[in-house]
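Listed here are the chains, written in short residue letters.
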Amino acid sequence: MNADSFAGRRAMQFLPPLGAWVLRGLTATLRISEVGDLRNSLSDPSRPPTIYAARHETAFTVAHYRDRPIHALASRSFDGELVSRMLQSLGFPQTARGSSTRAGDLGALELLRYLEKGDHVLMTVDGTKGPRRQAKPGIIKLAQLSGCPVVPVVFAGSPQLRIGSWDRMIIPVPFWRGLYG
């Protein structure tokens, strides 16, 4: 879909707030516990700026971190624009824009600026096209440039509902029990 087409403009207008509304309602029913470095890490004001590394398959579950001071990275594609707007509707601060295939250096520079200001950032390490669960070098470069720690974010939940995309995306279901660590 093209962002300049009639359908694209309508999608940009309606899908992000609708998606945010659905995810906000859904995450209100989830029972998610945090363990390890994630426990209270985003609400601890003394925590140094941190790079959180997640898998693309858990993209919907990060809605659990809405309304927290963490900047995500979204691609510069049409889908990335939808995601960026939905994240802002959920209460995430401004997203950085770039990916391994489009303006990755610019996205990394934006993330670096957020880290230098003292904010946290979140990246999906296996990118927007995969291969699944295989980290790209961008997160290592960002950690080297910023000197900030990388905290891996993994998710386990039951029951597992996955779609047939390249990343086998996890879709949360109401009243799901999950664990972030």
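Right above here is the structure, for reference.
Residues numbered from 1 in each chain as written. Predicted model: local features only at pLDDT ≥ 70, side-chain atom pairs only at ≥ 80, totals over all residues. Heavy atoms only, no water.

Trainee: Explanation requested: unusual backbone geometry in the structure shown.
Mentor: Leaving glycine aside, a negative phi is the common case for residues, and trans is the common case for peptide bonds. Despite not being glycine, Arg 133 shows a phi value in the positive range, around 60 degrees. Looking at the secondary structure, you find Arg 133 in the loop between β5 (120–124) and α4 (138–146). Given the relative accessible area of 42%, Arg 133 is considered partly exposed. The backbone of Arg 168 shows a phi angle near 55 degrees, a positive value even though the residue is not glycine. Summarising the element assignment, Arg 168 is placed in the loop between β7 (155–158) and β8 (177–180). The partly exposed category is assigned to Arg 168, whose relative accessible area is 36%. (Helix = DSSP H or I, 4+ residues; strand = E, 2+ residues; numbered from the N terminus. Buried < 20%, exposed > 50% of the residue type's maximum accessible area, 1.4 Å probe, protein only.)

Trainee: What should I look at first to understand the sheet that holds strand β4 (residues 96–97) in this one?
Mentor: Strand pairs in the sheet, formed through backbone hydrogen bonds, run parallel or antiparallel to each other. Spatially, five strands are ordered β4-β3-β5-β2-β6 in an open sheet, and the strand pairing comes out parallel. Each edge of the sheet is formed by a strand with only one pairing partner; in this case those strands are β4 and β6 (150–153). Pairing between strand β2 (residues 51–54) and β5: four bridges, direction parallel. If you follow Ile 51 over to β5, its bridge partner there is Val 121. The sheet contacts of helix α2 (residues 78–90) involve β3 (70–74) and β4, and relative to β3 the element is tilted by about 165 degrees. (Pairing = 2+ DSSP bridges. Contact = heavy atoms within 4.5 Å. Axes fitted to C-alpha atoms, helices over the stretch in contact; angles between N-to-C directions.)

Trainee: Hey, could you run me through α2 in this one?
Mentor: In a regular helix each residue adds 1.5 Å, so 13 residues correspond to 18 Å; α2 covers 19 Å between its end C-alpha atoms and thus fits that length. For α2, every residue scored as buried is listed here: Phe 78, Gly 80, Leu 82, Ser 84, Met 86, Leu 87 and Leu 90. Turning to α2, the residues buried within the fold contact α1 (6–29), β3 and β4. Positive backbone phi, approximately 105 degrees, marks Gly 91, located one or two places after α2. (Expected span 1.5 Å × (residues − 1).)

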